[in-house]
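Structural overview for review
Here is what each chain is made of, one letter per residue.
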Amino acid sequence: MSKFDMAALTWDEKPRRVEIAKNVAQAIKKHVPLNKSMRLLDFGCGTGLLTFFLIDSVKEAVGVDTSQGMCEVFLKKANENNINNVKVLNIDLTKDKLEEKFDVIVSSMALHHVKDTESILRRFYELLNENGYIAIADLVKEDGTFHDDNEGVEHFGFDLDNLKTLFEKVGFKDVNYDIAHIVRKEKDGKEREYPIFLMVGKK
Ligand SMILES: C[S@@+](CC[C@H](N)C(=O)[O-])C[C@H]1O[C@@H](n2cnc3c(N)ncnc32)[C@H](O)[C@@H]1O
């Protein structure tokens with residue numbers, strides 16, 4: 001059982017996580033012209049917090065996640081809320097096949113778990129239809145203190161100018177970023193701020 005399988009059942013109970021997904025969804029709606037003809041992919045969807053905040057703005061959504069526990073909770077939420085235009089795939093997008101195309105790919109707080117950022121960005125590029133959008137949210141470069149346990153954390157956030165250059169290298173156009181949310185956490189008696197960016201680009 002992975003760390004995320006164990007966390008899945010109580011994942012949505014942390015208000016901080018719901019708040020992040022809500023603000024990331026709001027930022028995506030502001031920067032990407034979503035419409036009811038679009039197919040959306042949520043990379044590292046977890047329990048679907050971001051997917052379910054966006055589902056009413058698109059035609060259908062697919063969540064992908066390596067954690068079976070997360071996928072089970074995602075499916076349970078979809079069933080309980082009679083949301084029929086979503087599905088979830090328990091796959092590792094860094095290596096498993098996915099023979100589908102999307103008009104928009106979103107992700108929140110999952111990119112830092114992938115070691116090879118350039119290859120996953122190339123995968124996103126391939127999975128997008130022409131003129132499709134990418135909208136990725138994650139931590140701005142931090143000092144490794146955001147997570148209590150850094151197991152599985154491949155990057156302590158991202159330098160935004162370097163990431164923008166990588167998006168452009170892979171082929172994305174009109175790349176821009178904004179701060180979507182700021183997480184405030186108490187660390188050693190002091191309040192620390194961890195900004196979360198949203199980087200958007202177009203194929
Ligand atoms: C911090 S959680 C974020 C979950 C969700 N996006 C949210 O905001 O609540 C990161 C998620 O990414 C998933 N993940 C990590 N690497 C992945 C990969 N290569 N392919 C698919 N999912 C992955 C993990 O299983 C986990 O559910």
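See above for the structure.
Residues numbered from 1 in each chain as written. Predicted model: local features only at pLDDT ≥ 70, side-chain atom pairs only at ≥ 80, totals over all residues. Heavy atoms only, no water.

**Some words on helix H4 (residues 68-80)**
- In a regular helix each residue adds 1.5 Å, so 13 residues correspond to 18 Å; H4 covers 18 Å between its end C-alpha atoms and thus fits that length.
- Buried residues of H4: Gly69, Met70, Cys71, Val73, Phe74, Lys77 and Ala78, and no others.
- Where H4 is buried, its residues meet helix H1 (3-8), helix H3 (49-54), strand E2 (60-64) and strand E3 (86-89).
- The first or second residue beyond H4 is Asn82, which carries a positive phi of 50°. (Helix = DSSP H or I, 4+ residues; strand = E, 2+ residues; numbered from the N terminus. Expected span 1.5 Å × (residues − 1). Buried < 20%, exposed > 50% of the residue type's maximum accessible area, 1.4 Å probe, protein only. Contact = heavy atoms within 4.5 Å.)

**Focus: the site of the ligand**
- Neighbouring the ligand are 19 residues; Trp11, Gly44, Asp65, Asp92 and Ser108 lie closest to it.
- Here Asp92 contributes a side-chain N or O atom positioned 2.8 Å from a nitrogen atom of the ligand.
- A distance of 3.4 Å separates a nitrogen atom of the ligand from a polar backbone atom of Leu93.
- Compared with its free state, where it exposes 610 Å², the ligand has 93% of that area covered by protein.
- Among the residues making up the shell around the ligand, the classes are represented as 10 nonpolar, 7 polar and 2 charged. (Near = heavy atom within 4 Å. Polar contact = N/O pair within 3.5 Å; in protein donor to acceptor, adjacent residues only side chain to side chain. Areas by Shrake-Rupley, 256 points an atom, 1.4 Å probe, with all protein chains shown as cover. Nonpolar A, V, L, I, M, F, W, Y, C, P; charged D, E, K, R; others polar.)

**Observations regarding the state of the cysteines**
- Following the criterion strictly, the structure yields 0 disulfides and no others.
- Cys71 provides the cysteine sulfur closest to Cys45, a residue in no disulfide bond, and the two sulfurs are 5.4 Å apart.
- Residue class for Cys71 comes out buried when judged on its relative accessible area of 7%. (Disulfide = S-S within 2.5 Å.)

**Some details on the packing of aromatic side chains**
- Tallied over the full model, the rule gives 7 aromatic pairs.
- When the ring of Phe167 is compared with that of Phe172, the centres are 5.7 Å apart and the planes differ by 45°; the resulting orientation is tilted.
- Residue Phe167 is classed as buried on the basis of its relative accessible area, which comes to 0%.
- Three or more aromatic residues joined by ring pairs form one cluster here, namely Tyr125, Phe167 and Phe172.
- Above the ring of Trp11, the side-chain terminus of Arg17 is found at 3.6 Å from the ring centroid.
- In this structure, Lys185 packs its charged tip against the face of Phe146, placed 4.0 Å from the ring centre. (Phe/Tyr/Trp six-rings, centres within 6.5 Å; stacked < 30°, edge-to-face > 60°. Lys NZ or Arg CZ within 6 Å of the ring centre and 35° of its normal.)

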